[in-house]
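# Understanding the architecture of this molecule
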Amino acid sequence: MAQLTYRDAVARGIAQEMRRDERVVLLGEDVAGAGGVFKTTSGLLAEFGPRRVVDTPISEQAIIGAAMGAAMTGMRPIAEIMFSDFLAVCWDMVANEIAKTRYMTDGAASCPLVIRCANGGGVRFGAQHSQSVENWCMAVPGLKVVAPSSPGDVVGLMAASIRDNDPVVFFEHKSLFASKAEVPDGDIVDVLGQARTLREGRTCTIVALALMVPRALAAAEWLAARGIDCTVIDLRCLVPLDTDSILRSVTSTGRLFTVEENPRLCGWGAEIASIVAEEAFWNLDGPIIRITTPHVPLPASDAIEDIALPSIERIAITIERTLQR
Amino acid sequence: MVTPTALEYGAHDPVLPQPFDDRIAAAPIEIATRLELYRTQQEIRQLEKRLYDLFLQNLVKGTSHLAIGMEATAAGAAAALRPDDYTFATYRGHGHVIARGVPFEPIIAEMLGRRTGLLGGRGGSMHLASAQHGMMGSYAVIGAHLCIANGAAWSAQLRGTSQVAVAFFGDGATNIGAFHEALNYAAVYRLPVVFFCENNLYMEYTPISQVTAVEHPAADRASAHGVPAEIVDGNDADAVYLSVSAACGRARAGEGPSIIEAKTYRQGGHSRADPGKYRPEAELAAWLAHDPIAMYHQRLLGLGVGEATLSDIQTSVARAVDSATEAAIAAPPPDAADLLRNVWSDGGWSWRN
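Every value quoted in this text rests on a predicted model; they were computed, and no experiment measured them.

## Here we look at the overall build of chain B
- The helix and strand inventory of chain B stands at 12 helices and eight strands.
- Over its C-alpha trace chain B gives a radius of gyration of 20 Å, about what one expects of a compact globule, namely 20 Å for 353 residues.
- Dimensions along the principal axes, computed over C-alpha positions, put chain B at roughly 55 × 50 × 50 Å.
- Looking at chain B residue by residue over its 353 residues, the buried ones come to 52%.
- For chain B, long-range pairs separated by at least 24 residues make up 78% of all intrachain contacts whose partners lie at least 6 apart in sequence.

And the structure:
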């Protein structure tokens, strides 16, 4: 057991799988020599060499295409798209080709690969380097979508994503890279599609993802001091979606809040609200409330980016006021 | 300065074929290989004609893009490949599937949307694939598969198998970004990939010359990416065979990618919706006279092959197309359970617990 940063957890998870499976290779812009622009792949070139850890040109379509073709022919590639915003540059590859290959070929071809991206805001990068785009991927049948919130989950879910036989888009949160936690020694392999209940409470259920998880937990602490007892669920994966954990919790608490970094329209919380409304409506004691970024592009200025993203204070006050009504 | 408004629709200079190069008849290609090239071209022509008949009977739904007149590229290239090499084709890809040895019946059944189709009815005309034949898919969003072919070539390089990936694409694909990304990428990593441009002079309905600043849309761009290029008569199966054999040889020797630009002609329109009226009459007539199969027939006769041998091939292909058509028409459609199969590797479609 040792302290590990979220940033170092990325390299640890990849290295764990590269040691185990020769077919695992990593490619992307600046991932090898530089160890990644976020230093998430430090040390991998030194350990695995330039055949398996490849610096690429700035060619997102070529990167994802190379990963796809290699995956179809026996390899287990991990492709880095530096900022998740840049998925838009290679969206044909992701949404039209990779996601649909198994279905269109009736299982004769498949794409066991991982696309890793730095996702999310809070680092003052402005509207094209700060988005939370996990809901883009969630909207495409055939893609699994993972977004861990802690170093331990990064290692275990990375391993699970690499071992998965389907394409996985793995969102690493830029504002969490420096966060630290105790992580057990040795190999860690998690399971995709299992949410984690981080706190049990009777008053309401808060469902959060990635950077919103520590914020939801801090809000729950504040609310607990005021007599409001919250369950906090870290979704960890959007596809597969652990609806059981959400429905079970909401059935018990009767109230649901989602905390989403994405802009309002069609965020993942809307799907969860819809599922809960259809399947647990009679267990609800009040409306489902979504706490999201307003439907605007993210600004660069810290003063207004901080207003845009759901903050601990906004989460706590929204929940307190809603429950007091 | 091009002023499109001043042009009458479809008005452009006809591009005529070069005469067949008779020296290629003397090239060292076994007669058995040449008979195979003839058979494959017959298979593609006859099967595509049958598919066209099936459209007219409204048995084939959706769209379809025929390659009648372009059979020599698929036949010539496939004959140069090893069974474990990879083919990546476009939506005009029926010929490439046939040339890799995929049987007729599942191809026709796929076009008819039958359960016995090559892809269980989920791919259709534009997405024919058969991984077991090395036919890694037909890609219908222009350009993507050049990048994907790089990946298969990279995988072969990593696994040390000396396999080659061949990506076929049209002239129109040379103006999309993925083409240029793929060429640079393949050149940088010396990937064993052959980029094969089937230049049929039209990007969908528009003459390629009207929207491209260079005469040879693929070959003229190759040097910018450090990739060797060759221009061949795409209606001469022997010329294609020789060119692809040489490119594959370089790829297997670790010498990296090649571009082949094959000049050919789509005898029909872009898709079933297009009668192709924009083609100048003189151009169409010249290219109909430059038909790859008629020419190859004459070449084989000139090499001493008997007319009876060739007509036997024609007849046996015709019989095979007939029986495959009957079987495909008789096959059942997919049912509701087929809709939900194989989204994921567990065979299912579930996204939640």
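Picking up where we left off.
## Let's talk about the interface of chain B and chain A
- Facing 38 residues of chain B, the contacting portion of chain A comprises 40 residues.
- Secondary-structure elements contributing two or more residues to the side of chain B that touches chain A are β2 (135-139), α5 (144-159) and α6 (177-188) of chain B.
- When its residues are assigned to classes, the side of chain B that touches chain A shows 20 nonpolar, 14 polar and four charged.

## Things to note about helix α8 (residues 212-225) of chain A
Residues and elements named next belong to chain A.
- Taking 1.5 Å as the rise per residue, α8 with 14 residues should run 20 Å; its terminal C-alpha atoms sit 20 Å apart, in good agreement.
- Residues Met212, Val213, Pro214, Arg215, Ala216, Ala219, Ala220 and Leu223 constitute the buried set of α8.
- Where α8 is buried, its residues contact β9 (196-199), β10 (204-208), β11 (230-234), β13 (256-263) and α12 (312-324).

## Structural notes on the sheet that holds strand β7 (residues 168-173) of chain A
Residue and element names in this part refer to chain A.
- As summarised here, the arrangement of the seven strands in space is β3-β2-β4-β5-β7-β6-β12, forming an open sheet in which the pairing is mixed. With one partner strand each, in any of the chains shown, β3 (53-55) and β12 (237-239) form the two edges of the open sheet. Looking at each pair of strands side by side, their axes are set apart by 20° on average, direction ignored.
- Judged from the five bridges that link them, strand β2 (residues 24-28) and strand β4 (residues 76-83) form a sheet pairing that is parallel. Within β4, the residue paired with Leu27 across the bridge is Ala79.

## Here we look at the environment of A:Gly267
Residue and element names in this part refer to chain A.
- Relative to the helices and strands, Gly267 is located in the loop between β13 and α10 (268-279).
- A tally of 23 C-beta atoms within 10 Å means that Gly267 is categorised as buried.
- Along the chain, Gly267 and Val133 lie 134 residues apart, while their C-alpha atoms are 9.0 Å from each other.
- Sequence-distant contacts of Gly267, defined by excluding residues within four places in its chain, comprise Asn135, Glu260, Asn262, Arg290 and Thr292.

## A look at the nonpolar core
- With 199 residues, the main nonpolar core has B:Phe88, B:Ala165, B:Val166, B:Ala167, B:Val193 and B:Val194 as its most contacted residues.
- In terms of domain composition, this core takes at least three residues from each of domain 1 (2-183) and domain 2 (196-324) of chain A.

## Overview of the domain arrangement of chain A
Residues and elements named next belong to chain A.
- Under the domain assignment, chain A is made up of domain 1 (2-183) and domain 2 (196-324).
- The distance between the C-alpha centroids of domain 1 and domain 2 comes to 26 Å.
- With 26 residues of domain 1 at the interface, the matching set in domain 2 holds 23 residues.
- When contributions to the side of domain 1 that touches domain 2 are tallied by element, the ones reaching two or more residues are α6 (134-138), β6 (144-146), α7 (151-163) and β7.
- Residue classes in the side of domain 1 that touches domain 2 are distributed as 11 nonpolar, 11 polar and four charged.

## Remarks on the pairing of strand β7 (residues 229-233) of chain B
Residue and element names in this part refer to chain B.
- As defined by bridge partners, β7 adjoins strand β8 (residues 258-263) across five bridges and the pair is classed as parallel. Residue pairing in the sheet places Ile231 in a bridge with Glu261 of β8.
- Once you follow β7 into helix α8 (residues 237-252) and on to β8, the crossover reads as right-handed.

## Some points on the environment of B:Glu71
All names here are of chain B.
- Here Glu71 lies in helix α2 (residues 71-79).
- On a C-alpha basis, the gap between Glu71 and Val194 in space is 18 Å, while along the polypeptide they are 123 residues apart.
- If we skip the residues at most four places from it in the chain, Glu71 touches Gln41, Ile44, Arg45, Gly95, Pro292 and Ile293.

## Brief notes about unusual backbone geometry
Residue and element names in this part refer to chain A.
- For the peptide bond that leads from Val239 to Pro240, omega is -5°, which places it in the cis range.
- The topology assignment puts Pro240 in the loop between β12 and α9 (243-253).
- Look at Arg124: it is not a glycine, yet its phi comes out positive at around 60°.
- When you line up the elements, Arg124 lands in the loop between β5 (114-119) and α6.
- Take Arg124: there are 14 C-beta atoms within 10 Å of it, and that puts it in the partly exposed class.

## Observations concerning the sheet that holds strand β14 (residues 289-293) of chain A
Residue and element names in this part refer to chain A.
- Pairing within the open sheet is mixed, and its five strands lie in the order β9-β11-β10-β13-β14. Sheet topology places β9 and β14 at the edges, where each strand pairs with a single neighbour. Direction aside, neighbouring strands of the sheet carry axes that sit 25° apart on average.
- For β9 and β11, the ladder comprises three bridges, and the chain directions are antiparallel. Residue Thr197 lies in a different strand from β11, and its bridge partner there is Ile233.
- Where α8 meets the sheet, its contacts fall on β9, β10, β11 and β13, and the angle it forms with β11 comes to roughly 170°.
- Sitting on the sheet, α12 touches β10, β13 and β14, and the angle it makes with β14 is about 155°.

## Remarks on the packing of helix α4 (residues 104-111) of chain B against helix α11 (residues 307-330) of chain B
Residues and elements named next belong to chain B.
- Where α4 contacts α11, the axes come no closer than 8 Å and their chain directions differ by 45°. Put simply, α4 runs oblique to α11. α11 is crossed by α4, and the crossing has right-handed handedness. Residue-level inspection shows Phe104, Glu105, Ile108 and Ala109 of α4 in contact with α11, the latter providing Ala320, Val321, Ala324, Thr325, Ala327 and Ala328.
- Tallied by class, the residues present in the contact of α4 with α11 amount to eight nonpolar, one polar and one charged.

## Here we look at the confidence of the model for chain B
- Model confidence for chain B is summarised by a mean pLDDT of 95, while 97% of its residues fall at 70 or above.
- Taken over the whole predicted complex, pTM reads 0.96, whereas the ipTM for its chain interfaces reads 0.96.

## Structural notes on helix α10 (residues 292-302) of chain B
Residues and elements named next belong to chain B.
- For α10, the set of buried residues is Pro292, Ile293, Tyr296, His297, Arg299 and Leu300. In a view along the axis of α10, the buried residues occupy a sector of 165°, so they form one face of it. When the buried face of α10 is taken as reference, the exposed residues oriented beyond 90 degrees from it are Ala294, Gln298 and Gly302.
- Positive backbone phi, at 95°, marks Gly304, one or two positions downstream of α10.

Cut-offs used in this document
Residues numbered from 1 in each chain as written. Chains lettered and ligands numbered in written order. Predicted model: local features only at pLDDT ≥ 70, side-chain atom pairs only at ≥ 80, totals over all residues. Helix = DSSP H or I, 4+ residues; strand = E, 2+ residues; numbered from the N terminus. Rg over C-alpha atoms; globule rule 2.2 N^0.38 Å. Buried ≥ 20, exposed ≤ 12 C-beta atoms within 10 Å, placed from the backbone. Contact = placed C-beta atoms within 7 Å. Nonpolar A, V, L, I, M, F, W, Y, C, P; charged D, E, K, R; others polar. Expected span 1.5 Å × (residues − 1). Pairing = 2+ DSSP bridges. Axes fitted to C-alpha atoms, helices over the stretch in contact; angles between N-to-C directions. Core = buried A, V, L, I, M, F, W, Y, C linked by C-beta atoms within 7 Å. Domains from an automatic or database assignment. Right-handed = clockwise from strand over helix to strand, strands pointing away. Parallel < 35°, antiparallel > 145°, perpendicular 65-115°, else oblique. Left-handed = near helix turned anticlockwise from the far one by under 90°. pLDDT = per-residue confidence, 0-100. Arc of directions from axis to C-beta.

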